[in-house]
Amino acid sequence: MTKARAKILISSCLLGHKVRYDGGDKYMTSPLLEKWQAEDRLVPVCPEMIGGLPAPRPAAEIRTGDGEDVLREQARIFDAQGTDHTEAFIRGAERALTLARENGCQYAILTEYSPSCGSAQIYNGQFDGTRRQGKGVTAALLEQHGIQVYSSENFQDLQKELDI
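Residues numbered from 1 in each chain as written. Predicted model: local features only at pLDDT ≥ 70, side-chain atom pairs only at ≥ 80, totals over all residues. Heavy atoms only, no water.

> Can you lay out unusual backbone geometry for me, pointing to particular residues and giving the numbers?
Backbone phi values are negative for most residues with the exception of glycine, while trans is the configuration of most peptide bonds. At the junction of Ala55 and Pro56, the peptide bond is cis and its omega measures out at 0° in the coordinates. Mapped onto the secondary structure, Pro56 falls in the loop between helix 2 (47-50) and strand 3 (60-63). One non-glycine residue, Thr64, lies in positive phi territory at about 55°. With respect to the helices, strands and loops of the structure, Thr64 is situated in the loop between strand 3 and helix 3 (67-71). Although it is not a glycine, Phe127 sits at a positive phi angle of roughly 60°. (Helix = DSSP H or I, 4+ residues; strand = E, 2+ residues; numbered from the N terminus.)

> Let's hear about the side chain of Ser151: which residues, and what values?
By the secondary structure assignment, Ser151 is in strand 8 (residues 148-151). The class for Ser151 is buried, based on a relative accessible area of 3%. Among the polar contacts made by the side chain of Ser151, one reaches the side chain of Glu112 at a distance of 3.4 Å. Leaving out residues up to four positions away in the same chain, Ser151 has contacts with Ile109, Leu110, Glu112 and Ser119. (Buried < 20%, exposed > 50% of the residue type's maximum accessible area, 1.4 Å probe, protein only. Polar contact = N/O pair within 3.5 Å; in protein donor to acceptor, adjacent residues only side chain to side chain. Contact = heavy atoms within 4.5 Å.)

> Tell me what's going on with the environment of Cys46, and back it up with residues and numbers.
As for its position among the elements, Cys46 is in the loop between strand 2 (42-45) and helix 2. Cys46 sits in the buried class, given a relative accessible area of 11%. Considered as a pair, Cys46 and Ser114 are 68 residues apart in the sequence and their alpha carbons are 11 Å apart. Ignoring sequence-local partners within four residues, the contact set of Cys46 consists of Ser12, Val19 and Arg57.

> So what's going on with the sheet that holds strand 1 (residues 7-11)? Residues and values would help.
Sheet strands associate in pairs through backbone hydrogen bonding, adopting either a parallel or an antiparallel arrangement. Pairing within the open sheet is parallel, and its four strands lie in the order 2-1-5-8. Strand pairing shows two members of the sheet lacking a second neighbour, strand 2 and strand 8, which therefore form its edges. On average, each strand axis in the sheet is tilted by 25° relative to the strand beside it, whichever way the strands run. When strand 1 meets strand 5 (residues 105-110), the two strands line up parallel, connected through four bridges. Its bridge partner being in strand 5, Ile8 is matched across the sheet by Tyr107. Running at roughly 100° to strand 2, helix 1 (residues 31-38) makes contact with strand 1, strand 2 and strand 5 of the sheet. Its contacts with the sheet place helix 4 (residues 86-102) against strand 1, strand 2 and strand 5, and it is angled at close to 165° to strand 2. (Pairing = 2+ DSSP bridges. Axes fitted to C-alpha atoms, helices over the stretch in contact; angles between N-to-C directions.)

> Describe the packing of aromatic side chains, listing the residues and the values that go with them.
Per the stated rule, a full pass over the model turns up one aromatic pair. Each ring, one from Tyr113 and one from Tyr123, has its centre 6.1 Å from the other, and the planes form 55°; the classification is tilted. Remark: Tyr123 occurs in strand 6 (residues 121-123) and Tyr113 occurs in the loop between strand 5 and strand 6; sequence separation between them is ten residues. What makes Tyr113 buried here is its relative accessible area of 13%. For Tyr123, a relative accessible area of 26% gives the class partly exposed. The ring of Tyr113 has Arg131 sitting right over it, with the charged end atom 3.6 Å from the ring centre. (Phe/Tyr/Trp six-rings, centres within 6.5 Å; stacked < 30°, edge-to-face > 60°. Lys NZ or Arg CZ within 6 Å of the ring centre and 35° of its normal.)

Spelled out as structure tokens, the structure:
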């Protein structure tokens, strides 16, 4: 598949699906996303939902590390009540990778700050609203397998890549 027609894995919440922890979405209006959607290039996924978590669900954050550390079994993901959701996040990341491969996705656009989808920043694990540098579990796994990940904040840069 040429870059000009490449499939793109995308966080479902960015397309208006009510899959976030709070039962909401992060719908983004963008002529670029509308164009790619009309071309049937977007493959929506919510790693947390396909990993077995409901919507709504308690907010969860990675404690003492990031998604790469979770994949190395050096960090865990908890909600504010202390319930460990690590396995659901890993399962969701693995299923998202499978979906990306099945659809030939070379790129992904994921929701920034999420413990699954953050590509540059995530919350610090203290549930105080503080962000820190790091990747979510799905973003880390996709990158480990050669899928270029863009955030909901810089996805326009993908167009430059596709134009090459």
